[in-house]
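Residues per chain are reported as follows:
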Amino acid sequence: MEKDKIGCYEFMAEPFHCDFSKRLFMGHLGNHMLNAADFHSSHRGFGMAYLNSIHKTWVLSRLAIEMDEMPPMYARFHVETWVENAMRFFTNRNFMVTDVETGKVYGYGRSIWAMIDTDTRQPANLLDVNDGALVNYVEKEKPCPIAKSSRVNVSGEAELVSTIVAKYNDVDINGHFNSVKYIEHALDLFPLTWYETHPIHRIEIAYVAEAHCGDTIRLYREACDDGLTFHVKMVKCDPETQEEVEICRCLVNFVKD
């Protein structure tokens, strides 16, 4: 039986996945979105398990999440996901987060994915997988009203705010720095007192290069003119030469409570 183009998956804002405001952590929401993406693709013949069997995998290139409100503790919510378009080497996947009981829309997400060969680490043509099954699930009509990811520029004046070492809990099934850990480490650059009066409205992550367990990672931050938007740059640092290689750029936008 043919599957629907749009996948819909139910999650709950579990207490230990919520912050001091009793609302879901942004990092956990990111995890739920990526899980929904995997469920949707796996049920339709182009998921991670199948790709690994043919020595390929999905790599997240960009992620933008914009929320009017985060789900409160114990709330059951749906993450809907669909493929907006598919090209040879990239595909755009969108998300919508809604309350199960009321249907209220909490927010949306946009993402860009690439496929790589796990042996060569080179880009792979995603339209070659499973006879191009992905194109059968492209949904162009469902709206995703948030802006696409912007080009985040971090100047040389950005302040070095934190240095971390990638460890066990930072590493995912592909053996590199977990996509959601970038979100968590970027948001850790702001004090708890800031979050008491400034909820997160939007976060963007542009993944540039891989980092691995044991890498020393430096996080730079600078504020934009509005005082509510910040740009973050993460680099991995060679312990001997101190040479820096950029691994991601982030935008974090808050609202005044």
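Please refer to the structure placed before this passage.
First, a word on what this report is: a plain description of the structure on this page.

Conventions we followed
Residues numbered from 1 in each chain as written. Predicted model: local features only at pLDDT ≥ 70, side-chain atom pairs only at ≥ 80, totals over all residues. Heavy atoms only, no water. Buried < 20%, exposed > 50% of the residue type's maximum accessible area, 1.4 Å probe, protein only. Helix = DSSP H or I, 4+ residues; strand = E, 2+ residues; numbered from the N terminus. Pairing = 2+ DSSP bridges. 1 Å grid on protein atoms, 1.4 Å probe; cavity = no way out; pocket = protein on both sides within 12 Å on 5 of 7 lines; lining within 4 Å. Points joined across faces, edges and corners; volume = space filled by probe spheres on them. Nonpolar A, V, L, I, M, F, W, Y, C, P; charged D, E, K, R; others polar. Expected span 1.5 Å × (residues − 1). Core = buried A, V, L, I, M, F, W, Y, C linked by side-chain atoms within 4.5 Å. Contact = heavy atoms within 4.5 Å.

The element strand β5 (residues 105-117) is extensively covered by neighbouring structure, given that 11 of its 13 residues are classed as buried. Taken together, the nine bridges between strand β4 (residues 90-99) and β5 define a ladder with antiparallel strand orientation. In the strand pairing of β5, Val97 is matched with Gly107.

To continue, consider empty space enclosed by the protein. Taking a probe equal in size to a water molecule and rolling it over the atoms shows the remaining empty space. Under the defined criterion, the tally for this structure stands at one cavity of 30 Å³ or more. Contributing elements (two or more residues each) for the lining of the largest cavity: β7 (200-207) and β10 (244-254). Considering only residue class, the lining of the largest cavity consists of five nonpolar, two polar and three charged.

Attention now moves to helix α1 (residues 26-42). The end-to-end C-alpha distance of α1 is 24 Å, a good match for the 24 Å that 17 residues give at a rise of 1.5 Å each. Taken residue by residue, α1 has Met26, Gly27, Leu29, Gly30, His32, Met33, Leu34, Ala36, Ala37, His40 and Ser41 as its buried positions.

What follows is about the nonpolar core. Among soluble globular proteins, nonpolar side chains are generally buried collectively. Counting residues in hydrophobic clusters, the biggest one holds 62 residues, and the most contacted among them are Met26, Leu29, Trp58, Phe77, Tyr182, Ile217 and Met234. Counting residues per element, this core draws most heavily on α1, which supplies six residues. Setting aside residues no more than four positions away along its own chain, Tyr182 makes contact with Phe177, Ile205, Tyr207, Ala209, Ala211, Met234, Ile247 and Cys248. In terms of nonpolar packing, the next biggest core, distinct from the first, is built from six residues, Val152, Val154, Ala158 and Leu251 among them.

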